[in-house]
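A structural walkthrough
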Amino acid sequence: MYAQASYHPKGYGVSEGLARARRPFRTGNILIFGTLGAFVFSVYTYSIRAVKQDDFSDVALPSESERAGAVSIEDEHKRKLDLKREVVDALNLAKPAAEAPPQKTPTGLGSLFSMVQGRFGGKAAPSSVVEGAPSVDRIGVVGGGAGEVPAKKVV
């Protein structure tokens, strides 16, 4: 508390002791700040000048008719998904009704989902991902039996 009171009289401001303690570092701090500031300014200036000198006058712009016939990436992706759904629906209609319908996979995670599907068993099933790992239903329980409660040690 004494150091705080001596460097900040009345709780604010800079005392003579604090100014004296900071004085040897002032020149070094100004040089470092100036060097870093000059580097940042030069990188910014170089980047702006490099972008400004790009000349796109030699690039031919598409005409109105070409732009009207262009298909966006989103529309193309939607068309592919619709086509996939049509194929899956056609295959499902060709199968006998007694078969169970295929499980739906989350969109975008098909390959990941198929990799881990069946690797994690149901409730109280042993893990096949990490050999010898305890069941998820027994987190924190160390022991051989499923219902075994570890004995408490009295110290």
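Look above for the structure.
Residues numbered from 1 in each chain as written. Predicted model: local features only at pLDDT ≥ 70, side-chain atom pairs only at ≥ 80, totals over all residues. Heavy atoms only, no water.

Of the regular secondary structure elements, the protein chain holds five helices and zero strands. When the helices and strands of the protein chain are listed from N to C terminus, the series reads α-α-α-α-α. The buried share among the 155 residues of the protein chain stands at 3%. (Helix = DSSP H or I, 4+ residues; strand = E, 2+ residues; numbered from the N terminus. Buried < 20%, exposed > 50% of the residue type's maximum accessible area, 1.4 Å probe, protein only.)

This part takes up the environment of D75. As for its placement among the helices and strands, D75 is situated in helix 4 (residues 73-94). By relative accessible area, D75 is classed as partly exposed at 47%. A polar contact is formed between the side chain of D75 and the side chain of S72, at a distance of 3.1 Å. (Polar contact = N/O pair within 3.5 Å; in protein donor to acceptor, adjacent residues only side chain to side chain.)

Once that is clear, we can look at a positive patch on the surface. Where like charges cluster on the molecular surface, the positive patch consists of R20, R22, R23 and R26. Here R20 lies in helix 2 (residues 16-52). Given a relative accessible area of 51%, R20 falls into the exposed group. (Patch = residues over 30% accessible without salt bridge, like charges linked within 9 Å, V, L, I, M, F, W, Y side chains within 5 Å. Areas by Shrake-Rupley, 256 points an atom, 1.4 Å probe, with all protein chains shown as cover. Salt bridge = Lys/Arg side-chain N within 4 Å of Asp/Glu carboxyl O. Lys, Arg positive; Asp, Glu negative; His and termini not counted. Charge placed at Lys NZ, Arg CZ, Asp CG, Glu CD.)

Moving on to helix 2. Under the 1.5 Å per step criterion, the end-to-end length of helix 2 is 51 Å for 37 residues, consistent within 8% with the ideal 54 Å. Of all the bends found along helix 2, the most pronounced is centred on F25 and spans about 45°. (Expected span 1.5 Å × (residues − 1). Bend = angle between axes of the 7 residues up to and from the residue.)

A separate point is the pattern of salt bridges. Counted under the stated rule, the structure contains three salt bridges. The residue K80 makes a salt bridge to E76 at a minimum N-O spacing of 3.8 Å. Taken together, the residues span about one helical turn, with K80 and E76 both in helix 4 at a distance of four residues. Owing to a relative accessible area of 43%, K80 belongs among the partly exposed residues under this scheme. The closest approach of N and O atoms between R85 and D82, which form a salt bridge, is 3.2 Å. With R85 and D82 both in helix 4 and three residues apart, this pair spans about one turn of that helix. When its relative accessible area of 31% is taken as the criterion, D82 is described as partly exposed.

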